[in-house]
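Inside the fold
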Amino acid sequence: MKLTTMTQISIDGVVQSNGAPTAEHPNGFERGGWAQGKGDDGTRAFITQTYQRADAFLFGRRTYELFAGSWGSIDQMRAHPIGVALKEAPKYVASTTLTAPRWEDTTVLGGDLAAAISELKEKPGGELQVHGSGTLVRWLLANDLVDEMTLIVIPVIVGLGARLFPDSGPDLALDLVESRVDSKGVTIQVFRPAGRPRYATA
């Protein structure tokens, strides 16, 4: 399977609490929901179609809990095409602390995570998709496990919050596969990792 990621991200790289305000950090986060209602019908259809082509899903612990409590629990969301896609495909969660996952067809990946994910990627199928899960995506990129990365860039500067890319970290060149901008200024950019960047020399 090809491991693909899809991330809603602000212009300044924030990925925290894009969907709704939460108190997921000790001090809370008062700028949540910055992606809610953004994007036009074409962007929403693109997101839905992406979920529908997944053969399996991989989550970080926090995103898994959020999804299980929404797409996996609320009847209206379970009936949505995204909810149906999530229900029908196997789900994997990277966690060393989760012992009793509450969402059906969930497997917890503990221990050697890189080996477990590599084993999943060797299975037949189309896509092992990662949605949200910023901490996990950073780790996957650092460990060269991402085959394709979709960034849904929301035209807003959040100003604070957890960012997808750290202030210092591994460098990575990207090849552009697809790019589009919708009528509300949301851009969709699909990239494939392409090794280390080349830097100018004096």
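For the structure, check the block above.
My aim in this report is to walk through the structure given alongside it, one point at a time. (Residues numbered from 1 in each chain as written. Predicted model: local features only at pLDDT ≥ 70, side-chain atom pairs only at ≥ 80, totals over all residues. Heavy atoms only, no water.)

**Digging into the overall build of the protein**
Summing up its helical and strand segments, the protein has six helices and eight strands in all. Listed by position from the N terminus, the elements making up the protein come as β-α-β-α-α-α-β-β-α-β-α-β-β-β. A principal-axis box enclosing the C-alpha atoms of the protein has dimensions of 55 × 35 × 35 Å. Among the 202 residues that make up the protein, the fraction classed as buried is 43%. Accessible area of the protein: about 10,800 Å², with a carbon and sulfur share of 51%. The protein carries 20 positive and 23 negative side-chain charges, and their two centres are separated by 3 Å. (Helix = DSSP H or I, 4+ residues; strand = E, 2+ residues; numbered from the N terminus. Buried < 20%, exposed > 50% of the residue type's maximum accessible area, 1.4 Å probe, protein only. Areas by Shrake-Rupley, 256 points an atom, 1.4 Å probe, with all protein chains shown as cover. Lys, Arg positive; Asp, Glu negative; His and termini not counted. Charge placed at Lys NZ, Arg CZ, Asp CG, Glu CD.)

**Quick notes on unusual backbone geometry**
A positive phi angle, near 60°, is found at Asp105, a position not held by glycine. Residue Asp105 is classed as partly exposed on the basis of its relative accessible area, which comes to 44%. Non-glycine residue Asp144 carries a positive phi angle of around 60°. Mapping Asp144 onto the fold places it in the loop between helix 6 (134-142) and strand 6 (148-154).

**Some thoughts on the packing of aromatic side chains**
With the rule as written, the count across this model stands at six aromatic pairs. Here a set of aromatic residues connected by ring pairs shows up, and it is made of Tyr51, Phe57, Phe59, Tyr64, Phe67 and Trp103. A cation over a ring is seen here: Lys91 above Trp103, with NZ or CZ 5.0 Å from the ring centre. (Phe/Tyr/Trp six-rings, centres within 6.5 Å; stacked < 30°, edge-to-face > 60°. Lys NZ or Arg CZ within 6 Å of the ring centre and 35° of its normal.)

**Overview of helix 1 (residues 41-52)**
An ideal rise of 1.5 Å per residue puts 16 Å on 12 residues; helix 1 measures up with 16 Å between its terminal C-alpha atoms. Among the residues of helix 1, Thr43, Phe46, Ile47, Thr48, Thr50 and Tyr51 are the ones counted as buried. At the N-terminal boundary of helix 1, the capping side chain belongs to Asp40, with an oxygen 3.1 Å from the backbone nitrogen of Gly42. (Expected span 1.5 Å × (residues − 1). Polar contact = N/O pair within 3.5 Å; in protein donor to acceptor, adjacent residues only side chain to side chain.)

**Observations regarding the nonpolar core**
Within the largest apolar cluster, 28 residues are counted, with the highest numbers of intra-cluster contacts made by Tyr51, Leu86 and Trp103. For this core, the secondary-structure elements that each account for two or more residues are helix 1, strand 2 (56-60), helix 2 (61-68), helix 4 (81-88), strand 6 and strand 8 (187-193). In this view, Tyr51 contacts Phe57, Phe67, Ile82, Ala85, Leu86, Gln129 and His131; residues no more than four positions away in its chain are not counted. Formed by 26 residues, the second largest nonpolar core is a distinct cluster that contains Met1, Leu113, Val137 and Met149. (Core = buried A, V, L, I, M, F, W, Y, C linked by side-chain atoms within 4.5 Å. Contact = heavy atoms within 4.5 Å.)

**Regarding the packing of helix 5 (residues 113-121) against helix 6**
Interhelical geometry of helix 5 versus helix 6 gives an angle of 85° and a closest axis separation of 12 Å. Relative to helix 6, the element helix 5 lies roughly perpendicular. Taken together, the residues of helix 6 that come into contact with helix 5 (itself represented by Leu113, Ala114 and Ile117) are Leu136, Trp139 and Leu140. Residue composition of the contact of helix 5 with helix 6, grouped by class: six nonpolar, no polar and no charged. (Axes fitted to C-alpha atoms, helices over the stretch in contact; angles between N-to-C directions. Parallel < 35°, antiparallel > 145°, perpendicular 65-115°, else oblique. Nonpolar A, V, L, I, M, F, W, Y, C, P; charged D, E, K, R; others polar.)

**Quick notes on the pairing of strand 6**
Of all the seven residues making up strand 6, seven are buried; the element is thus mostly covered by neighbouring parts of the structure. Side chains of strand 6 alternate between two faces, with Glu148, Thr150, Ile152 and Ile154 and Met149, Leu151 and Val153 buried alike. Where strand 1 (residues 2-10) lies against strand 6, seven bridges are found, and the strand directions are parallel. Bridge pairing in strand 6 places Gln8 opposite Ile152. Here five bridges tie strand 6 to strand 8, and the two strands are oriented antiparallel to one another. By the bridge assignment for strand 8, Thr150 is matched with Val190. (Pairing = 2+ DSSP bridges.)

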